[in-house]
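Residue strings, one per chain:
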Amino acid sequence: MQTTVSMAPDSVSAVQAAKLKARKGHQDWLVWRTHQGHWAYARATAEAIKAAMLATGTARRFWLYAANSGVGHTLSWRLALTVRRNMIGGAA
């Protein structure tokens, strides 16, 4: 399944869009900054988490906005690995 990544001109637009989609769409959403400095957001899937991890690297973090509430959670590389593994279907 192909993950659709949307781009936003700034962090405020990306965060507002992700929060709205998380609250209204009943699904988790991710926000991260790309290598080119653009802000991206996508529905939280294993593929999207991998794309965010590769774009941010090990030293930077990205955000996961929870479904139904829109509450933001900061994901480090280590936590993102755990969340991604759980989405795929358990420990490897």
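Residues numbered from 1 in each chain as written. Predicted model: local features only at pLDDT ≥ 70, side-chain atom pairs only at ≥ 80, totals over all residues. Heavy atoms only, no water.

## Points about the packing of aromatic side chains
The cut-off we apply is this: Ring pairs shown here join Phe, Tyr and Trp side chains whose ring centres sit within 6.5 Å, with only the six-membered ring taken for Trp; geometry is labelled stacked below 30 degrees between planes, edge-to-face above 60, and tilted in between. Each helix corresponds to a stretch of at least 4 residues labelled H or I by DSSP, and each strand to a stretch of at least 2 residues labelled E; elements are numbered beginning at the N terminus. Between buried and exposed lies partly exposed: a residue is buried under 20% and exposed over 50% of the maximum accessible area for its type, with that area taken using a 1.4 Å probe on protein chains only.
One pass over the full model with this rule turns up two aromatic pairs. Ring geometry for W29 and Y41: centres 6.3 Å apart, planes at 45°, overall tilted. Here the residue W29 occupies a position in strand β2 (residues 29-33), and Y41 occupies one in strand β3 (residues 39-43), the gap between them amounting to 12 residues. Look at Y41 and you get buried, because its relative accessible area is 11%. When the centroid spacing of 6.0 Å and the interplanar angle of 35° are considered together, the rings of W39 and W63 count as tilted. Taken together, the residues span a long stretch of sequence, with W39 in strand β3 and W63 in strand β4 (residues 62-65) at a distance of 24 residues. Judged by its relative accessible area of 13%, W39 falls in the buried class.

## Concerning the sheet that holds β2
In a beta sheet, neighbouring strands are held together by backbone hydrogen bonds and run either parallel or antiparallel to one another. Applied cut-off: When DSSP finds at least two bridges between two strands, those strands are taken to pair. Axes here refer to lines fitted to C-alpha atoms; in helices the fit is confined to the stretch in contact. Angles between the N-to-C directions go from 0 to 180 degrees.
Read from one edge of the open sheet, five strands run β1-β3-β2-β4-β5, paired in antiparallel fashion. Pairing within the sheet leaves two strands with one partner each, and these edge strands are β1 (6-8) and β5 (72-75). The average undirected angle you get between the axes of adjacent strands in this sheet is 25°. Where β2 lies against β3, five bridges are found, and the strand directions are antiparallel. By the bridge assignment, W32 is partnered in β3 with A40.

## Thoughts on the nonpolar core
Rules: We call a set of buried residues a nonpolar core when its members are Ala, Val, Leu, Ile, Met, Phe, Trp, Tyr or Cys and they connect through side-chain atoms within 4.5 Å of each other. We call two residues in contact whenever any of their non-hydrogen atoms come within 4.5 Å of each other.
If you look at the biggest cluster of nonpolar residues, it comprises 14 residues, and the most contacted ones within it are L30, W32, I49 and F62. Not counting the four nearest positions on each side in its chain, L30 is found in contact with A40, Y41, A42, A44, A48, I49, F62, W63, L64 and L75. In this structure, A14, A22, W29 and V31 belong to the second largest nonpolar core, which totals 10 residues.

## Comments concerning unusual backbone geometry
You will see that H26, though not glycine, has its phi angle at about 60°, which is positive. Exposure remark for H26: the relative accessible area of 54% places this residue in the exposed category. One non-glycine residue with positive phi stands out, namely N68, at about 75°. As for its position among the elements, N68 is in the loop between β4 and β5.

## A few points about the pairing of β2
For β2, the tally of buried residues reaches four of five residues, placing the bulk of the element in the interior. Here β2 folds back onto β3, and the loop between the two strands holds five residues, one of which, G37, carries a positive phi near 90°. Here β2 pairs with β4 via three bridges, running antiparallel. Each bridged residue has a counterpart across the sheet, and for L30 the counterpart in β4 is L64.

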